[in-house]
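# Commentary on secondary and tertiary structure
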Amino acid sequence: MKLLTCIVRPNALDNVKEGLSALGLTGMTVSEVKGFGRQKGHREVYRGAEYNIDFTPKLKIEVVVSDSMVEQAISAVKEASNTGSIGDGKIFVLSVDEVVRIRTGETGDSAI
Amino acid sequence: MMEPTSKPSVRLARSRQAIMAIALLTVLALPGAALADELNSGDTAWMLTSTVLVLFMTIPGLSLFYGGLVRAKNVLSVLMQCFALTGIMTLVWVLWGYSLAFDTQGMTAGVTNLSSFVGGLSLAFMAGVGVDSMAGTIPETVFATFQMTFAIITPALIVGSFAERMKFSAMIVFMVIWSTVVYSPICHMAWSGAGSFFGDMGVLDFAGGTVVHINAGIAALVAAIMIGKRKGYPERPIPPHNLTLTVVGASMLWVGWFGFNAGSALAADGAAGMAMLVTQVASATAAVTWMLVEWIKHGKPSVLGMATGAVAGLVAITPASGFVGPMGAIAIGVASGILCFWGATTLKHQLGVDDSLDAFGVHGIGGIVGALLTGVFVASGLGGQGLAEGMTIGGQVWVQLVGVLFTVIYCAVASFIILKIVDATIGLRVTEEEEDRGLDISLHNEQGYYSA
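Residues numbered from 1 in each chain as written. Chains lettered and ligands numbered in written order. Predicted model: local features only at pLDDT ≥ 70, side-chain atom pairs only at ≥ 80, totals over all residues.

## Here we look at the overall build of chain A
Along chain A, the regular secondary structure elements total two helices and six strands. Starting at the N terminus and ending at the C terminus, chain A contains elements arranged as β-α-β-β-β-β-α-β. Expected size for 112 residues packed as a compact globule is a radius of gyration near 13 Å; at 17 Å, chain A overshoots this value by more than 25%. Each principal axis of the C-alpha atoms in chain A carries an extent, and together these give about 55 × 30 × 20 Å. Among the 112 residues that make up chain A, the fraction classed as buried is 20%. A fraction of 71% describes how many contacts in chain A between residues 6 or more apart in sequence connect residues 24 or more apart. (Helix = DSSP H or I, 4+ residues; strand = E, 2+ residues; numbered from the N terminus. Rg over C-alpha atoms; globule rule 2.2 N^0.38 Å. Buried ≥ 20, exposed ≤ 12 C-beta atoms within 10 Å, placed from the backbone. Contact = placed C-beta atoms within 7 Å.)

## Observations regarding the overall build of chain B
Summing up its helical and strand segments, chain B has 16 helices and two strands in all. In terms of overall dimensions, chain B is globule-like: its C-alpha atoms have a radius of gyration of 21 Å, near the 22 Å expected for 452 residues. Its C-alpha atoms put chain B at 65 × 50 × 40 Å along the principal axes. Split into buried and exposed, the 452 residues of chain B put 60% on the buried side. Sequence-distant contacts, at least 24 apart, represent 78% of the contacts inside chain B between residues at least 6 apart.

## Some details on the sheet that holds strand E6 (residues 89-95) of chain A
Residue and element names in this part refer to chain A. With respect to topology, four strands assemble into an open sheet ordered E2-E5-E1-E6, the strand pairing being antiparallel. Whereas interior strands pair on both sides, the edge strands pair on one side only; in this sheet they are strand E2 (29-35) and E6. Along the sheet, successive strands turn relative to each other by an average axial angle of 20°, direction set aside. Relative to E6, strand E1 (residues 2-8) runs antiparallel, the two sharing seven bridges. Paired with Thr 5 across the bridge in E6 is Phe 92. Helix H1 (residues 13-22) rests against E1, E2 and strand E5 (56-65) of the sheet, and its axis sits at about 10° to E5. Against the sheet, helix H2 (residues 70-81) makes contact with E1, E5 and E6, and its axis sits at roughly 5° relative to E1, the strand it touches most. (Pairing = 2+ DSSP bridges. Axes fitted to C-alpha atoms, helices over the stretch in contact; angles between N-to-C directions.)

## Comments concerning the interface of chain A and chain B
Counting residues at the interface gives six residues for chain A, matched by 11 residues for chain B. Examining the composition of the side of chain A that touches chain B, we find that three residues originate from one element, strand E3 (residues 42-46) of chain A, more than from any other. Of the residues in the side of chain A that touches chain B, the class split is three nonpolar, one polar and two charged. (Nonpolar A, V, L, I, M, F, W, Y, C, P; charged D, E, K, R; others polar.)

## So, unusual backbone geometry
Residues B:Ile59 and B:Pro60 are joined by a peptide bond in cis, for which omega reads 5°. Looking at where B:Pro60 falls in the secondary structure, it is placed in helix H2 (residues 41-67). Along the chain, B:Tyr233 connects to B:Pro234 via a cis peptide bond; the corresponding omega equals 0°. Phi is positive for A:Arg47, which is not a glycine, with a value near 45°. Checked against the element boundaries, A:Arg47 lands in the loop between E3 and strand E4 (49-53). Phi is positive for B:Leu266, close to 55°, though the residue is something other than glycine. Assessed through the 25 C-beta atoms surrounding it within 10 Å, B:Leu266 is described here as buried.

## What to know about H1(A)
All names here are of chain A. Regarding H1, the residues found buried are Val 16, Gly 19 and Leu 20. The buried side chains of H1 occupy one side of the element, clustering within an arc of 95° when seen end-on. Turned more than 90 degrees off the buried face of H1, the exposed positions are Asp 14, Glu 18, Ser 21 and Ala 22. The secondary structure elements touched by the buried residues of H1 are E1, E5 and H2. Two residues or fewer past H1, Gly 24 is found with a positive phi of approximately 95°. (Arc of directions from axis to C-beta.)

## What about the packing of helix H5 (residues 140-162) of chain B against helix H6 (residues 168-191) of chain B?
Residue and element names in this part refer to chain B. At their nearest, the axes of H5 and H6 sit 11 Å apart, and the two run at 120° to each other. Here H5 lies oblique to H6, going by the angle between them. Note that H5 runs across H6; the crossing there is right-handed. For the pair H5 and H6, contact is made by Ala 151, Thr 154 and Pro 155 and by Met 175, Trp 178, Ser 179 and Tyr 183, respectively. When its residues are assigned to classes, the contact of H5 with H6 shows five nonpolar, two polar and no charged. (Parallel < 35°, antiparallel > 145°, perpendicular 65-115°, else oblique. Left-handed = near helix turned anticlockwise from the far one by under 90°.)

Here is the structure:
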């Protein structure tokens, strides 16, 4: 099992969700986050005071998939959030030791 | 025989002394019996409404306007300061503030004595103010409560300059003394009628450009200097945490301001109607002006800019609202939009002062612009209600300037001394750790926003 941590543009959420749902994936966790990478921050102006805001708003989408689904899921996220411009985000893939469904106690792939 | 400028002087009317001061330099003293104030239910209904509108300006209008501009960790502290001032200033006003402002004993038209500067204590604890007491054509209870809402919002305006770093206890003590020593006397000098210092001089201040806005703006500037900058300012960004609140608050201020200005006619009459029209025109003009200036200077128009411009226009039209016409209001709107923009974005940085929410830049500058331009656009040739007989525009502007300078100097010196005393006894500023944690938790054991 793998955990995909996807940092994407906020407006990519619907596309990513639809792409992953089309693969039959049934769950994900979404957080509003801020950060920076190659895409630098932006400028905000309040009553003439200009601020360079280093941290750009992004979404962090976390989804756990079985090993057989990893490549398809990565492709789906890439396809859904790629605009070709700097700032499209990243996907981190991590190994997951165990998953437990709290209600039933199921573990492993059947708990995803 | 009365020139049109006599209308606003309804504000000066005080039946208690059976003296009706009519307009600027023209004073008629009538025997009590002849005055025989009759209650006008139309006037009274409008003044009850105006009173509520002006209270609505402070809570929730100004509270939200300011609350949105601070960081999330300080939002409650600002709301608390405004709410607490509403409560405390109400008590100060009925106990002694109203008397210091509107007790007219010892005043004689054309005579400058101590009573020209501050009232006595004959009305303290609202002595003698009953159901049948009259102030002009409205009950004195309504007049006193209407004036009370001005005494509430003026200190609350000052809050903007020292937001996010002042001790709550120090703020309370400062404001109680300031209201007593600065607000009530300036209010008395401007509005207590024949024999008052500004009144006899011929200073035009319809709804409080000098009494409310210059007074608050200057006290704000002095307070911001004395309490020092917020930690991190100006190197670190301190952006507003919720401009939605701020715009809602500014909108409430705009609505409430009709009570402030049109209510200052103290009657439901033509002067109130004109005050309403010019208030709307000046505010709208200043909002659009600020928007355009910002668009040109910074590339994009901002909603914070437009809301701030609207408030700047409202401030500037305040002293003029009973005296100028709609075209004068446009001129005042343009001037205040440009000059308050300069005050909040350029002058503030040149002064090196952390006037956190631009209380001086908007209310101080806007108040001065409005007070001076009132002297220009009151002229009937410029669409105003007309200068006093024998008065020139230059002469009236000079009188306005003297009123402004007196207020600036008196308010600055008095505020400085009060703040020094409070600093030496209580201390003005929270600790660095309290400032870091935010005043909501540090001073009030609460948070404005809980995530779960």
